[in-house]
Amino acid sequence: MAEPLLEVKDLKVSFRTEDGLVRAVDGISFSVDEGEVVGIVGESGSGKSVTMMSVMRLINDPNAIYQGEILFKGRNLMGVSQDAMREVRGEEIAMIFQDPMTSLNPVYTVGWQIEEQLNEHNDLNKGQARQRAIALLTQVGIPKPEQRIDDYPHQFSGGMRQRVMIALALSCNPDLLIADEPTTALDVTIQAQILELVKSLKREFGSAVVLITHDLGVVADIADRILVMYAAPRIRSCRQRSETGTWMPVTSRSRTSGSDATGRSTPSWRRRREFTERQGADLAAPPGGRAGFARAAG
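Residues numbered from 1 in each chain as written. Predicted model: local features only at pLDDT ≥ 70, side-chain atom pairs only at ≥ 80, totals over all residues. Heavy atoms only, no water.

Before going further, it helps to spend a moment on the overall build of the chain. Broken down by element type, the chain carries 11 helices and 11 strands. Within the chain, buried positions represent 45% of all 298 residues. A sequence separation of at least 24 residues applies to 68% of the contacts in the chain between residues at least 6 apart. Element-wise, carbon and sulfur atoms account for 47% of the exposed surface of the chain, whose accessible area totals about 14800 Å². (Helix = DSSP H or I, 4+ residues; strand = E, 2+ residues; numbered from the N terminus. Buried < 20%, exposed > 50% of the residue type's maximum accessible area, 1.4 Å probe, protein only. Contact = heavy atoms within 4.5 Å. Areas by Shrake-Rupley, 256 points an atom, 1.4 Å probe, with all protein chains shown as cover.)

Dropping the structure here:
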């Protein structure tokens, strides 16, 4: 059996606060294979983003406490230096952040920002980097890329800024692409376009993708597996495809309180008033249950 591209083992991330120790991630384990699309679904505060930010080693809070292993291509990223991680970020693991307006630098053109990443990880001259940036903008569907490459982030719409973020993330052909709620604040039509773009680029570049969202509908047609997270200690893996290759309904196969409530809270014209009302879990005093809960369905 082939070794997973990414393997997270008993990861725990806690933060010291005035109210006590907050267990944002409490002993979860999962893996991502090469070329696989894995969806991580859960309510706000369930630890989705903290988990993947930890994979990227982007949490520099002095009050953060880490335990566990993060194996990428067999190498434990928890033990490497920050200089070594800078080589990994962008070139081997890239991330699309949920708010491109705050992730892109407003005082530099989008072309400059893509070219900077290309120059950081590749031996390219200025002309080569610019041509590569134009090609990337073309691939993600930016119209007139030869002109738009010299525009600033505020000159793009929300959907176009997200496409620029995807071009930036894919600039060095990473093995693993982490998309942290890439369709947040976008209308339904643009959401569908962004998800279709991620699918097509995944096929073209061959990257594995981890898609973080709180919306089961976003990952229903794109993910090979879905991890449902609730209150940090709970994570469940739900396989999307049956042995015959047909799609299985995610909501009928992921029987956890988090996934059930997520499904029930979806509005319907048939039951306009039947919304699920739930309080988010208190991670300083999480609900009972076995930490690191992980189980495969199917």
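Alright, that's what it looks like, and here's the rest.
Scanning the entire structure with this criterion turns up 1 aromatic pair. The interplanar angle of 15° and the centroid separation of 4.0 Å between the aromatic rings of Y108 and W112 together place this pair among those described as stacked. Against the face of F156 rests R148, its NZ or CZ located 4.1 Å from the ring centre. (Phe/Tyr/Trp six-rings, centres within 6.5 Å; stacked < 30°, edge-to-face > 60°. Lys NZ or Arg CZ within 6 Å of the ring centre and 35° of its normal.)

Counting across every chain of the model gives 7 salt bridges. Of the charged contacts in the structure, one is a salt bridge between D175 and K73, with a shortest N-O distance of 2.5 Å. You can see D175 sitting in the loop between α7 (158–170) and β7 (176–180) and its partner K73 sitting in the loop between β4 (64–72) and β5 (75–76), a full 102 residues away along the chain. A salt bridge links R86 to D83; the shortest N-O distance between them is 2.0 Å. Placement of the pair is R86 and D83 together in helix α2 (residues 82–88), with a separation of 3 residues, close to one helical turn. Under the relative-accessibility criterion, D83 is labelled exposed at 52%. The network of salt bridges with common partners includes K73, E92 and D175. (Salt bridge = Lys/Arg side-chain N within 4 Å of Asp/Glu carboxyl O.)

Attention shifts here to a nonpolar patch on the surface. On the surface, a nonpolar cluster with roughly 290 Å² of combined accessible area is contributed by V107, Y108 and W112. As for its placement among the helices and strands, Y108 is situated in the loop between α3 (100–103) and α4 (110–121). By relative accessible area, Y108 is classed as partly exposed at 35%. (Patch = residues over 30% accessible without salt bridge, like charges linked within 9 Å, V, L, I, M, F, W, Y side chains within 5 Å.)

This part is about α4. When the terminal C-alpha atoms of α4 are compared, their 17 Å separation across 12 residues agrees well with the 16 Å that a helix rising 1.5 Å per residue should span. What α4 keeps buried is the set V110, G111, Q113, I114, E115, L118 and H121. Contact partners of the buried residues in α4: α2, α5 (126–139), α6 (145–148) and α7. (Expected span 1.5 Å × (residues − 1).)

Two strands in a sheet stick together by hydrogen bonds in their backbones, pointing the same way (parallel) or opposite ways (antiparallel). The antiparallel open sheet is built from 4 strands, whose spatial order is β2-β1-β4-β5. Unpaired on one side and paired on the other, β2 (20–32) and β5 mark the two borders of the sheet. Pairing geometry for strand β1 (residues 6–17) and β4, over 8 bridges, is antiparallel. Each residue of the ladder has a partner; that of L6, found in β4, is F72. Strand contacts of helix α1 (residues 48–55): β1, β2 and β4, with the helix running at about 110° to β1, the strand carrying the most contacts. (Pairing = 2+ DSSP bridges. Axes fitted to C-alpha atoms, helices over the stretch in contact; angles between N-to-C directions.)

So, about the side chain of S14. Mapped onto the elements of the fold, S14 is located in strand β1. Take S14: its relative accessible area is 10%, and that puts it in the buried class. With near-sequence residues (within four places) excluded, S14 lies in contact with L21, V22, R23, A24, N63, A64 and I65.

Here the focus is the pairing of strand β6 (residues 93–96). Neither face of β6 is exposed, since I93 and M95 on one face and A94 and I96 on the opposite face are all buried. As judged from the 4 bridges shared by β6 and β7, these two strands associate in the parallel manner. Its bridge partner lying in β7, I96 is registered against A179.

It is at 9 Å that the axes of α4 and α5 come closest, and there the two elements cross at 120°. Put simply, α4 runs oblique to α5. As α4 packs across α5, the resulting crossing turns out to be right-handed. Where α4 approaches α5, its residues I114, E115, L118 and N119 are matched on the opposing element by A129, R130, R132, A133, L136 and L137. Residues belonging to the contact of α4 with α5 are distributed by class as follows: 6 nonpolar, 1 polar and 3 charged. (Parallel < 35°, antiparallel > 145°, perpendicular 65-115°, else oblique. Left-handed = near helix turned anticlockwise from the far one by under 90°. Nonpolar A, V, L, I, M, F, W, Y, C, P; charged D, E, K, R; others polar.)

Here we come to α5. Helix length check: α5, at 14 residues, gives a terminal C-alpha distance of 20 Å against a target of 20 Å (1.5 Å per residue), a fit within 8%. For α5, the full list of buried residues reads A129, A133, I134, L136 and L137. With its buried residues spanning 160° around the axis, α5 presents them on a single face. Buried residues in α5 make contact with α4, α6 and α7. The residue sitting at the N-terminus of α5 and contributing the capping side-chain oxygen is N125; that oxygen lies 3.1 Å from the backbone nitrogen of G127. Just past α5, the residue G141 takes up positive phi, approximately 85°. (Arc of directions from axis to C-beta. Polar contact = N/O pair within 3.5 Å; in protein donor to acceptor, adjacent residues only side chain to side chain.)

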